[in-house]
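# What the coordinates show
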Amino acid sequence: MGTKELIKEISKLPKEERLFIIEKTLSAIRKEEISSKLKKAANLLYEDYSHDPELTAFTALDTEEFYEPR
């Protein structure tokens, strides 16, 4: 089904159902946008977080146990 046909079919629905479709569509688009921005930011900072000694100092503790065994 093409865009025009989809819009035509949606326009036949009651107002509440059309609003529901709009809200769900906008929500999905926003989630995709946020996810895309977070991935981009993570990729931009990857080198810093991998090699900058000030940011990697605590990785020395990665193998340490934080809790005493019972």
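From a predicted model like this one, the values you see are computed outputs, not experimental measurements.

Here the focus is the overall build of the protein. Helix and strand counts for the protein come out as three helices and zero strands. Starting at the N terminus, the α and β elements of the protein follow one another as α-α-α. Over its C-alpha atoms the protein spans a radius of gyration of 24 Å, topping by over 25% the 11 Å that the globule rule assigns to 70 residues. Considering only C-alpha atoms, the protein reaches an extent of 60 × 35 × 20 Å along its principal axes. Only carbon and sulfur atoms are counted for the fraction: they give 59% of the accessible area of the protein, which is about 7,200 Å². Charged side chains in the protein number 12 positive and 15 negative. The centres of these two groups are separated by 18 Å.

Turning our eyes to something else, we now look at helix α2 (residues 15-51). Relative to the 54 Å expected for 37 residues at 1.5 Å per residue, α2 spans 55 Å between its end C-alpha atoms, a close match to the ideal helical length. At L45, α2 is deflected by roughly 45°, the largest bend along its length.

With that settled, the discussion passes to a nonpolar patch on the surface. Where nonpolar side chains cluster on the molecular surface, the patch consists of L19, I22, L26 and I29 and spans about 350 Å² of accessible area. Tracing the chain through its elements places I22 in helix α2.

Residue-level pLDDT values for the protein average 88, and 94% of them are 70 or greater. Across the protein, helix α1 (residues 3-11) holds the top mean pLDDT of 95, while helix α3 (residues 53-56) sits lowest at 78.

About the thresholds
- Per-chain numbering applies: the sequence of each chain, read as written, is numbered from 1 onward.
- In view of the model being predicted, local features appear only for residues whose pLDDT reaches at least 70, and side-chain atom pairs are presented and counted only at 80 or more, with totals across whole chains, interfaces and linings using the full set of residues.
- As a convention, hydrogens and water are excluded, and side-chain values are obtained from all of the structure's heavy atoms.
- Helix and strand definitions here come from DSSP, where helices need a minimum of 4 consecutive H or I residues and strands a minimum of 2 consecutive E residues; each element is numbered from the N-terminal end.
- Just to be clear, the radius of gyration here is over C-alpha atoms, and the globule rule we use is 2.2 Å times residues to the power 0.38.
- Per-residue and other accessible areas were derived by the Shrake-Rupley procedure at a 1.4 Å probe size, with only the shown protein chains allowed to occlude residues.
- Neither His nor the chain ends contribute to the count of charged residues, in which Lys and Arg are positive and Asp and Glu negative.
- Here the site of a charge means NZ on Lys, CZ on Arg, CG on Asp, or CD on Glu.
- One less than the number of residues in a helix, times 1.5 Å, gives the span that helix is expected to have.
- What we call the bend at a residue is the angle made by axes fitted to the seven residues finishing there and the seven residues starting there.
- Without a salt bridge and with relative accessible area above 30%, a residue can belong to a patch; like charges are then joined within 9 Å and nonpolar side chains (Val, Leu, Ile, Met, Phe, Trp, Tyr) within 5 Å.
- Note on definitions: salt bridges are taken to be side-chain nitrogens of Lys or Arg within 4 Å of carboxyl oxygens of Asp or Glu.
- For every residue, the pLDDT score states the predictor's confidence, bounded by 0 at the bottom and 100 at the top.

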